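As a plain string of letters, each chain reads:
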Amino acid sequence: MTNSAPARRLLVTGASSGIGAATAAEAASLGWEVIGMDLRGGDDLTASPRIISCDVSDERSVESAFAELAAIWPEGPDAVVHSAGIYRVTPLLDTPAEDWDRTISVNGRGSFLIAREAARLMRDGTRDRSIVLLSSIGAVRGDAHEPSASYSASKGAVSSLTRQLAAELGLVGIRVNAVAPGVIDTAMTTLMNTPEVADAFFATRVPARRPGTAAEVAQACLFLASDRSTYISGAIIPVDGGQSVL
Ligand SMILES: NC(=O)c1ccc[n+]([C@@H]2O[C@H](COP(=O)([O-])OP(=O)(O)OC[C@H]3O[C@@H](n4cnc5c(N)ncnc54)[C@H](O)[C@@H]3O)[C@@H](O)[C@H]2O)c1
């Protein structure tokens, strides 16, 4: 993104870490107004970006966070990048049902709740508005070495939700897209903890032969959030160094 894109009001969830933090920082550097939401919220009202405490899987918590947001931005954000999420690696046979429920709840239910509350604030149809969800390569590719059935299923739900909401919310002027990262070097990622496994993985499975950075994913999120993408809706854009084509 270049700084000639008109400034927008951007809500970023998961803004305390990784892709969300990089998206918030890059947007702020472009002169956009940014407010974050995260489990790890801050009490400091002067912090930049301001982070509203919120558990995205909890309906009351999300409603209360959006009430706080609406008090600051009564017309709502122009764009939302919903990056909050969790990752669990567990072989299927060892996966407790509670782990499955938690992953589906944070990643799937969280995407639904954030999109619903955002749309309630953004549906006036007066200008281009955009919601960007975070799917994953896990939605379209299995992985025997890092088994994470609940995560993959949750991100499949995010991709389906993206297409459905693009159809539904287009009627009120809101575009809905998703970014589907491959292996990105953030706190969430465990692959790089075993360098020899990581080296073999990147040599054989990723045309770019390296992990991506949070900043590289942030660029795609901000493109979809900005008025540079006003005719793009219902798209799920891989940011995976080419991994999904192999
Ligand atoms: N890192 C990767 O390789 C990768 C790959 C594909 C998709 N993704 C997706 O990108 C998004 C961001 O991942 P990341 O790598 O930046 O992870 P991260 O762990 O660095 O950041 C996730 C953020 O979400 C917040 N969060 C977690 N649960 C929450 C909840 N219930 N309510 C509110 N906030 C919550 C955390 O506090 C954290 O700040 C996630 O949706 C993830 O699934 C990441």
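As a starting point, this report considers the structure included with it. (Residues numbered from 1 in each chain as written. Predicted model: local features only at pLDDT ≥ 70, side-chain atom pairs only at ≥ 80, totals over all residues. Heavy atoms only, no water.)

Some details on the overall build of the protein
Of regular secondary structure, the protein possesses six helices and seven strands. Element order for the protein, N to C, with α for helix and β for strand: β-α-β-β-α-β-α-β-α-β-α-α-β. The proportion of buried residues among the 246 residues of the protein is 46%. Counting contacts in the protein only where the partners sit at least 6 residues apart, residues at least 24 apart contribute 74% of the total. Surface summary for the protein: the accessible area is close to 11300 Å², and the carbon and sulfur share equals 54%. (Helix = DSSP H or I, 4+ residues; strand = E, 2+ residues; numbered from the N terminus. Buried < 20%, exposed > 50% of the residue type's maximum accessible area, 1.4 Å probe, protein only. Contact = heavy atoms within 4.5 Å. Areas by Shrake-Rupley, 256 points an atom, 1.4 Å probe, with all protein chains shown as cover.)

A closer look at helix 1 (residues 18-29)
For helix 1, with twelve residues, the first-to-last C-alpha span of 17 Å sits near the 16 Å given by 1.5 Å per residue. Within the span of helix 1, buried status applies to Ile19, Gly20, Ala22, Thr23, Ala24 and Ala27. As for helix 1, its buried residues are in contact with strand 1 (9-13), strand 2 (33-38), strand 4 (79-82), strand 6 (174-181) and helix 6 (214-225). Once helix 1 ends, the next one or two residues include Gly31, with phi positive near 90 degrees. (Expected span 1.5 Å × (residues − 1).)

A closer look at the packing of helix 3 (residues 97-122) against helix 4 (residues 149-169)
At their nearest, the axes of helix 3 and helix 4 sit 8 Å apart, and the two run at 15 degrees to each other. As the angle between them shows, helix 3 and helix 4 are arranged roughly parallel. Once helix 3 is placed against helix 4, the crossing between them reads as right-handed. Counted together, Asp99, Trp100, Thr103, Ile104, Asn107, Ser111, Phe112, Ala115 and Ala119 of helix 3 and Ala149, Ser150, Tyr151, Ala153, Ser154, Lys155, Val158, Leu161, Leu165 and Leu169 of helix 4 form the full contact between these two elements. (Axes fitted to C-alpha atoms, helices over the stretch in contact; angles between N-to-C directions. Parallel < 35°, antiparallel > 145°, perpendicular 65-115°, else oblique. Left-handed = near helix turned anticlockwise from the far one by under 90°.)

A closer look at the site of the ligand
Around the ligand, 29 residues are found, and the nearest of them are Ser17, Ile19, Asp38, Tyr151 and Thr186. Protein contacts shield 94% of the accessible area of the ligand, which totals 830 Å² for the unbound molecule. Under a 2 Å grid-point criterion requiring more than half of the atoms, the pocket assigned to the ligand is the largest pocket. Mapped onto the shell around the ligand, the elements with two or more residues apiece are helix 1, helix 3 and helix 4. Broken down by class, the residue content of the shell around the ligand amounts to 13 nonpolar, eleven polar and five charged. (Near = heavy atom within 4 Å. 1 Å grid on protein atoms, 1.4 Å probe; cavity = no way out; pocket = protein on both sides within 12 Å on 5 of 7 lines; lining within 4 Å. Sits in = over half its atoms within 2 Å of the grid points. Nonpolar A, V, L, I, M, F, W, Y, C, P; charged D, E, K, R; others polar.)

Examining helix 4
Compared with the 30 Å implied by 1.5 Å per residue over 21 residues, the 29 Å span of helix 4 between its first and last C-alpha is a close match. Listed in full, the buried residues belonging to helix 4 are Ser150, Tyr151, Ser154, Lys155, Val158, Ser159, Leu161, Thr162, Leu165, Ala166 and Leu169. At its buried positions, helix 4 is contacted by helix 3, strand 5 (129-134), strand 6 and strand 7 (236-239).

Observations concerning the layout of surface pockets
Put simply, the largest pocket is a space of about 990 Å³. Forming the walls of the largest pocket are 48 residues, and the residues nearest its centre are Gly85, Ile86, Tyr87, Tyr151 and Met188. Looking at the lining of the largest pocket, the elements that each hand over two or more residues are helix 1, strand 2, helix 3, helix 4 and helix 5 (195-205). No other element matches the four residues that helix 4 contributes to the lining of the largest pocket. Of the residues belonging to the lining of the largest pocket, the class tally is 21 nonpolar, 18 polar and nine charged. (Points joined across faces, edges and corners; volume = space filled by probe spheres on them.)

Some thoughts on empty space enclosed by the protein
Considering all chains together, one arrives at one cavity of 30 Å³ or more under this definition. Looking at the largest cavity, its volume works out to about 30 Å³. His82, Ser83, Ala84, Asn107, Ser111, Leu134 and Lys155 together form the lining of the largest cavity. Within the lining of the largest cavity, the residues separate by chemical class into two nonpolar, four polar and one charged.

A closer look at the environment of Ala139
Within the secondary structure, Ala139 sits in the loop between strand 5 and helix 4. Distance from Ala139 to Ala153, taken between C-alpha atoms, is 6.6 Å for residues 14 residues apart in sequence. With residues near it in sequence (within four places) discarded, Ala139 still touches Ser152, Lys155, Gly156 and Ser159.

Quick notes on the packing of helix 2 (residues 59-72) against helix 3
Interaxial distance between helix 2 and helix 3 falls to 10 Å at its minimum, and their mutual angle equals 30 degrees. Compared by their axis directions, helix 2 and helix 3 come out roughly parallel. With respect to the hand of their crossing, helix 2 and helix 3 are arranged in right-handed fashion. In this structure, helix 2 uses Glu59, Val62, Glu63, Phe66, Leu69 and Ala70 to contact helix 3, whose residues at the interface are Arg109, Leu113, Ile114, Arg116, Glu117, Ala118, Arg120 and Leu121. Taken together, the residues of the contact of helix 2 with helix 3 sort by class into eight nonpolar, no polar and six charged.

What is shown is where atoms sit, not what they do.
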